Every structure is written in C-alpha cells, then in structure tokens.
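Fold and contact review
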Amino acid sequence: MSKIILSTESGADLPEDLVNKHSVKVVPMHVIMDDKDYLDGSLPVQDIYDYYERTKKIPSTTATNVYEYQTFFTKIKAEFPDCVIIHIGYTSKASSSFQNALIAAEDFDDLFLIDALNVTGGLAAVVLHAVSLLKQDPTIKPEFLIKQIEKIVPKTRLAFVPGSLEFLKAGGRVSNMAYLGGALFKIKPRIELIEGKLISTKKYRGQMNVVAEKLIEDFLKEYKIDRKQLYFQYSIGLDDHIKIRMNEIAKQQGFNNITWIQAGAMISTHAGPGGFGIAGIEE
C-alpha cells in the first residue's frame, strides 16, 4: 500500500507544531521587501510592520513558482519513493500558485492536486480535515480520500476583519476616500472567501473587541459549522483579552476544539496587524 503524503503552501498558516505532528509538507510562498526575496516563514512578521512604519509601504508577495514546485515534489518522492502526494493548494482565484503546481505536476506520477479555494485558516481547515481522515483510516485509498476532501471544500468557510485599513490602502485595495471614511467612523470590512475569491461582504463599526464579537455571532448564525472543530486566525497585535473572549464565546456555542492560527508573513502583508478571523467546515 502506497504511503499518502499531504502537502500545502505556507499560505495555509499551519502552526509549526501541527505541521510536525502530522508530517504535512509545506512549500513556501514569497514576500518581497526592500528588493529582497524572503521565503514565507523565514521572515518575522514584525519586520513587515516595522518596514511599513519606516516607509509607509507594504512588501509585495509572489506565488511559489513552477521550479520550486518541481523541487518540492521531487524531494518528497526521493524521501518516499512509492508515495502518493495529495497537494491541497491555496485558492487559484487569488494567486498563480495553484496553476504553477498544475504545470509542475505534469512531470510526476501519483501526484494529485486539490484547489481548496481558500486561504490561511480556511485552507488550514481543509488540510487538517484531510489529516483527520487519513488518521482515522491509514489504509484509505487515495481516490476515496481525494473525493472526501473535495466534498468539504465548498463547505469550508472563512471570514476575517483586518485590524485597520492602512495595509489595505497601502496595497491599493481600498481607495483613499474609503480609507478616510472608514478611519473616521471606525468602520472595518468583513472579508470572506466566496467561491475562492476575497470579497467584502459586510461592514462593522467600532473597536476590534466589539467587531470581533459581532463577527463570530454573525458567522455562526449564517453558517451551520460542525461543532467538532473551529479555527480562529489572528495577526500580531490582536489584544489578548479579545482572544480570551473569543474562546469563551466559542465554548458557549458548543466548540470544545479551538485552534488559533497566527497569520504568517505572506498573509500579514495584506491584512496588517491586529486582525481577527474565523474558519470552520459546515455540517
């Protein structure tokens, strides 16, 4: 029976302890800062925020390229010669990374790609669901596991609120007028992954502690999330009191397994400090 290896990109923001525990292979994406290319995961997130404070510019990000995927898959095959690789990728609607993986995959046998149509905690939720399926049945056939993963992709939900609009403005994702209005009235957009695309679906007003509670309340009303697992995402700068309160609310709602995921350098480049998000899989 061929060993199944699960892989994904760094844009899943999988905590290192879970990567090691479940032997998930992770290929890095890129952050470009001061004309230097950093592999996502090698650049401390705080460096991005410090860079913005100095320059009022945000770094740029790039996808994993074809050659990197070829090297990545070759290394896995060298370590596990008879393995089957199931790669669960960052949404193809927001990055060329998945397309590059498709090109690289043409040179390999027993390599299957799944577009998770999600990012950060949403992508992590899909990957860790695959991990749980494989753990439940280590002898599961690859084609059946793939079908099970593909089945939950459209049921995976992610919504988040950035800590401020500054990074979205600096990255050209909001106009100057929208930024000024948002800052004046303390408005924060709720951003969701809809069919793999990042879309602003709602606006909240108030401080982050108030907004975070509104976000989790709305999210759990709108989506029938499986109570077995919930994921919270945060970027550096989110107040610890908010984290404590979010845990309390989640437990009151029947969630006993809550995983916190810190946004890595690539995601933080777009979202900025102090953000909060929630992800889960619908029943």
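Note: the structure precedes this text.
Residues numbered from 1 in each chain as written. Predicted model: local features only at pLDDT ≥ 70, side-chain atom pairs only at ≥ 80, totals over all residues. Heavy atoms only, no water.

A tally of helices and strands in the chain yields eleven helices and 13 strands. In terms of C-alpha radius of gyration, the chain reaches 19 Å, essentially the compact-globule figure of 19 Å for 283 residues. Considering only C-alpha atoms, the chain reaches an extent of 60 × 45 × 30 Å along its principal axes. Taken across its 283 residues, the chain has 52% of its residues classed as buried. Summed over all atoms, the accessible surface of the chain reaches about 13,700 Å², with 51% contributed by carbon and sulfur. Once the 33 positive and 35 negative side-chain charges of the chain are each reduced to a mean point, those two points are 7 Å apart. (Helix = DSSP H or I, 4+ residues; strand = E, 2+ residues; numbered from the N terminus. Rg over C-alpha atoms; globule rule 2.2 N^0.38 Å. Buried < 20%, exposed > 50% of the residue type's maximum accessible area, 1.4 Å probe, protein only. Areas by Shrake-Rupley, 256 points an atom, 1.4 Å probe, with all protein chains shown as cover. Lys, Arg positive; Asp, Glu negative; His and termini not counted. Charge placed at Lys NZ, Arg CZ, Asp CG, Glu CD.)

This part is about the side chain of D13. By secondary structure assignment, the location of D13 is in the loop between β1 (4-9) and α1 (16-22). Of note is the side chain of D13, whose polar atom sits 2.9 Å from the backbone nitrogen of G264. Those residues in contact with D13, other than ones at most four positions away along the chain, are T120, I261, Q262, A263, G264 and I267. (Polar contact = N/O pair within 3.5 Å; in protein donor to acceptor, adjacent residues only side chain to side chain. Contact = heavy atoms within 4.5 Å.)

For the rest of this paragraph, the subject is helix α5 (residues 120-136). Taking 1.5 Å of rise per residue, the 17 residues of α5 would be expected to cover 24 Å, and the 24 Å separating its terminal C-alpha atoms lies within 8% of that figure. A large share of α5 lies buried, amounting to 13 of its 17 residues. (Expected span 1.5 Å × (residues − 1).)

This next bit is on the pattern of salt bridges. According to the stated counting rule, one finds twelve salt bridges in the structure shown. For E213, the salt bridge identified is with R245, shortest N-O distance 3.1 Å. Here E213, found in helix α9 (residues 208-222), pairs with R245, found in helix α10 (residues 240-252); they are 32 residues apart in sequence, far enough to count as distant. A residue is classified by how much of its surface remains accessible, and E213, at 30% relative accessible area, is partly exposed. For R245, a relative accessible area of 29% puts it in the partly exposed group. (Salt bridge = Lys/Arg side-chain N within 4 Å of Asp/Glu carboxyl O.)

On to the pairing of strand β7 (residues 111-115). With four of five residues buried, β7 is to be regarded as a mostly interior element. Note: strand β6 (residues 84-89) against β7, five bridges, orientation parallel. Its bridge partner lying in β7, I88 is registered against I114. (Pairing = 2+ DSSP bridges.)

With that settled, the discussion passes to the sheet that holds strand β13 (residues 276-281). Overall, mixed pairing links the six strands, which are arranged β10-β9-β8-β13-β11-β12 in an open sheet. The open sheet terminates on both sides in strands that have one partner only, identified here as β10 (197-205) and β12 (258-262). Going from strand to strand, the sheet's axes swing by 20° on average, the running direction of each strand aside. Across four bridges, strand β11 (residues 230-234) lies against β13 in antiparallel orientation. (Axes fitted to C-alpha atoms, helices over the stretch in contact; angles between N-to-C directions.)

Even without being a glycine, D34 presents a positive backbone phi close to 55°. Here D34 lies in the loop between β3 (30-33) and β4 (36-39). Using a relative accessible area of 53% as the deciding quantity, one classes D34 as exposed.

Overall, parallel pairing links the four strands, which are arranged β2-β1-β6-β7 in an open sheet. Of all strands in the sheet, those with a lone pairing partner are β2 (25-27) and β7, marking the two edges. Recorded for the sheet is a direction-independent mean angle of 25° between the axes of neighbouring strands. Sheet analysis places β1 next to β2, joined by three bridges and oriented parallel. Paired with T8 across the strands is V26, a residue of β2. Set on the sheet, helix α4 (residues 97-105) makes contact with β1, β6 and β7; between it and β7 the angle comes to about 165°. Each of β1 and β6 is contacted by α5, which is oriented at about 170° to β1, the strand it contacts most.

Let us now look at the packing of aromatic side chains. For the structure shown, the criterion picks out eight aromatic pairs. Consider the rings of F73 and F108, whose centres lie 5.8 Å apart with planes at 75°: the pair is edge-to-face. In this pair, F73 sits in helix α3 (residues 66-79) while F108 sits in the loop between α4 and β7, placing the two residues 35 residues apart along the sequence. Of the two residues, F73 and F108, both sit in the buried class. Taken together, a centroid distance of 6.1 Å and an interplanar angle of 50° make the contact between W260 and F276 tilted. Taken as a pair, W260 in strand β12 and F276 in strand β13 lie far apart in primary sequence, 16 residues in all. For W260, a relative accessible area of 21% puts it in the partly exposed group. Taken together, the aromatic side chains of Y69, F72, F73 and F108 make up a single cluster linked through ring pairs. (Phe/Tyr/Trp six-rings, centres within 6.5 Å; stacked < 30°, edge-to-face > 60°.)

Read these as spatial facts, not as claims about activity.
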